[in-house]
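Survey of secondary and tertiary structure
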Amino acid sequence: MNYHLYLLSDATGETVELVVRAALSQFKGLDVKLHKFGKLRSSEDIMRAVESAVEMPGLIIYTLVNTDLTELLRNELMNFGLESIDLLNPLIYKLSDLLGIPPQKEPGLMYKIDAEYYKRVEAVDFTVKQDDGQEPRNLRKADLVLVGVSRTSKTPLSMYLAHKGYKVANVPLVKNIDPPRELFQVDQKRVVALIIDAQRLVEIRTARLRNLRQSTKGSYADYSEVEEELDLCRQLYRRHSAWHVIDVTNKSVEESASEILWKLENRLVQ
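Owing to the predicted nature of the structure, the values given are computational and were not obtained by experimental measurement.

1. Concerning the overall build of the protein chain
- Per the secondary structure count, the protein chain includes nine helices and eight strands.
- A compact globule built from 270 residues would reach a C-alpha radius of gyration of about 18 Å, whereas the protein chain, at 29 Å, exceeds it by more than 25%.
- With the C-alpha coordinates aligned to their principal axes, the bounding extent of the protein chain is approximately 85 × 45 × 40 Å.
- Burial analysis of the protein chain (270 residues in total) assigns 36% to the buried set.
- Sequence-distant contacts in the protein chain: of pairs separated by 6 or more residues, those separated by 24 or more amount to 73%.
- When the accessible surface of the protein chain is summed, it comes to about 16200 Å², and 52% of that surface belongs to carbon and sulfur atoms.

This is the structure in structure tokens:
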């Protein structure tokens, strides 16, 4: 025997389908056909779904948050003698009573939240793969490209911005090594150049070397070497005036990220 279940939603229909499939997992060996109708936003949409159920009667399971469409559907189901279950509204109104606030009654809110979540996941995945100059061919796909010498917070900044949904690549600037040519082929307004006080950078690098139990006597944390490194950076930044220059000296990651986003938004709208 064939059984028909009609899944109606004014959003994507994923919620009602997920719940129904979870319930059906308790019933094995049955031939159950699911008919999904999503994005039901008008009376015509509702009538089309009901007509399908009339042709091959079955149980209608719906998640509609629009009050008018819900009332229309209930009336039509009653007229045709079709069985139905309102999967969402009883819970919504019970929660409304408990929380003391009315529901928003906007279709697809959960889908919007999920979409935002997956956007952040995708951004983080991209950013991890582009850390420290990896895969320069993908620089063109980045929302932001951070450049700077070692220990200017490129990676922490990249990850912080990625968790806000931005795809970020970062490129290290190393003395006597040219940056990848792809850096100069991307939209230059999306490049953020990091600079820092020389003494502060020496302190950060020295602490880093000590944590790694390495000697602090080499050029990596030598003040004159660091000053020369930073001077070469400034020269590069001046040659590329479209880049956003951010001084990260004594700033938290959050402060630097906020400044980056502010400058980026203001530059791009010009």
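Now that the structure has been shown, we can carry on.
2. Side note on the nonpolar core
- Within the largest apolar cluster, 37 residues are counted, with the highest numbers of intra-cluster contacts made by Leu144, Val145, Val147, Leu230, Tyr237, Trp243 and Ile260.
- Elements that contribute at least two residues to this core include exactly β5 (144-148), α6 (154-162), β6 (168-172), β7 (191-195), α7 (198-211), α8 (223-239) and α9 (253-268).
- Those residues within four positions of Leu230 in sequence are excluded, and the remaining contacts are Val149, Ile195, Ile196, Asp197, Ala198 and Leu201.
- Phe37, Leu40, Ile46 and Leu64 belong to the second largest nonpolar core, which has 15 residues in total.

3. Notes on the packing of helix α2 (residues 43-55) against helix α3 (residues 67-80)
- Close contact between α2 and α3 brings their axes to 10 Å; oriented N to C, the two are set at 25°. Classified by the angle their axes make, α2 and α3 are roughly parallel. Handedness of the crossing formed by α2 with α3: right-handed. Between α2 and α3, the contacting residues are Ser43, Ile46, Met47, Val50 and Val54 on the first element and Leu69, Leu72, Leu73, Glu76, Leu77 and Phe80 on the second.
- Grouping the constituent residues of the contact of α2 with α3 by class yields nine nonpolar, one polar and one charged.

4. What about the sheet that holds strand β4 (residues 84-86)?
- Within the open sheet, the four strands sit side by side as β2-β1-β3-β4. Their pairing is parallel. Strand pairing shows two members of the sheet lacking a second neighbour, β2 (31-37) and β4, which therefore form its edges. Taken over all neighbouring pairs, the strand axes of this sheet differ in orientation by 20° on average, direction set aside.
- Packed on one face of the sheet, α3 meets β1 (2-9), β3 (59-63) and β4 and runs near 175° to β3.

5. Some points on the packing of aromatic side chains
- Applying the stated criterion to the full structure yields two aromatic pairs.
- An angle of 15° between the planes, with centres 6.2 Å apart, marks the rings of Phe184 and Trp243 as stacked. Pair noted here: Phe184 is in the loop between β6 and β7 and Trp243 is in the loop between α8 and β8 (244-247), with a separation of 59 residues, a long-range link.
- Looking at Phe184, the relative accessible area reads 34%, which means it is partly exposed.
- Classification of Trp243 as buried rests on a relative accessible area of 3%.
- Taken together, Phe184, Tyr237 and Trp243 form an aromatic cluster joined through their ring pairs.
- Geometry around Phe126 places Lys167 over its ring, the cationic atom sitting 5.9 Å from the centre.

6. Things to note about the side chain of Gln188
- Of note, Gln188 is situated in the loop between β6 and β7.
- Here the side chain of Gln188 touches Leu183 through a polar contact of 3.0 Å, landing on its backbone oxygen.
- Residue contacts for Gln188: discarding those within four places in its chain leaves Leu183, His240, Ala242 and Trp243.

7. As for the layout of surface pockets
- In this model, the second largest pocket occupies a volume close to 300 Å³.
- As for the second largest pocket, its lining consists of 15 residues, of which Val174, Ile177, Pro179, Leu232 and Leu236 are closest to the centre.
- When its residues are assigned to classes, the lining of the second largest pocket shows nine nonpolar, two polar and four charged.

8. Focus on the pairing of β2
- Taken together, the seven bridges between β1 and β2 define a ladder with parallel strand orientation. Paired with Tyr6 across the bridge in β2 is His35.
- Between β1 and its parallel partner β2, the chain crosses via helix α1 (residues 14-24), and the hand of that crossover is right-handed.

The rules we used
Sequence order as written defines the numbering, with residues in each chain counted from 1. Note on the predicted model: pLDDT of at least 70 is required for a residue's local features to be given, and 80 or more for side-chain atom pairs to be given and counted; whole-chain, interface and lining totals, by contrast, use all residues. Working from all heavy atoms in the structure, the side-chain values ignore hydrogens and water. Secondary structure elements are taken from DSSP: a helix is a run of H or I of four residues or more, a strand is a run of E of two residues or more, and numbering for both begins at the N terminus. This radius of gyration counts C-alpha atoms alone. The globule rule is 2.2 Å times how many residues there are, raised to the power 0.38. Burial here depends on accessible area, computed with a 1.4 Å probe over protein chains only, as a share of the maximum for the residue type. Under 20% is buried, over 50% is exposed, and the range in between is partly exposed. By definition in these notes, contact holds between two residues if any of their heavy atoms fall within 4.5 Å. Throughout, the Shrake-Rupley method with a 1.4 Å probe supplies accessible areas, and for residues the shown protein chains are the sole cover considered. Side-chain atoms within 4.5 Å link the members of a nonpolar core, which is a set of buried Ala, Val, Leu, Ile, Met, Phe, Trp, Tyr and Cys residues. Helix axes use the C-alpha atoms of the stretch in contact, all axes being lines fitted to C-alpha atoms, and the angles between their N-to-C directions lie in the range 0 to 180 degrees. The scheme is simple: roughly parallel for angles under 35 degrees, roughly antiparallel for over 145, roughly perpendicular for 65 to 115, oblique for anything else. Crossing handedness follows the turn of the near helix against the far one: under a right angle anticlockwise gives a left-handed crossing, and clockwise gives a right-handed one. All residues other than Ala, Val, Leu, Ile, Met, Phe, Trp, Tyr, Cys, Pro, Asp, Glu, Lys and Arg, Gly among them, are scored as polar; the first ten of these are nonpolar and the last four charged. One bridge is not enough; two strands pair if DSSP finds at least two bridges between them. Here the aromatic set is Phe, Tyr and Trp, taking the six-membered ring for Trp, and pairing holds for ring centres within 6.5 Å; pairs whose planes are under 30 degrees apart are stacked, those over 60 apart are edge-to-face, and all others are tilted. Sitting over a ring, as applied to charges here, requires NZ of Lys or CZ of Arg to be within 6 Å of the ring centre and within 35 degrees of the ring normal. Definition of a polar contact: a pair of N or O atoms within 3.5 Å, with one able to donate and the other able to accept a hydrogen when the atoms are protein atoms, and with sequence-neighbouring residues admitted only if both atoms are side-chain atoms. Definitions used throughout: a 1 Å grid over protein atoms alone; a cavity as a set of points that fits a 1.4 Å probe which cannot get out; a pocket as an open set with protein on both sides within 12 Å along at least five of seven lines; a lining residue as one with an atom within 4 Å of a point. Grid points are joined across faces, edges and corners, and a volume is the space filled by probe spheres set on the points. Handedness of a crossover is defined as follows: orient the strands so they point away from the viewer, and if the path from the first strand over the helix to the second runs clockwise, the crossover is right-handed.

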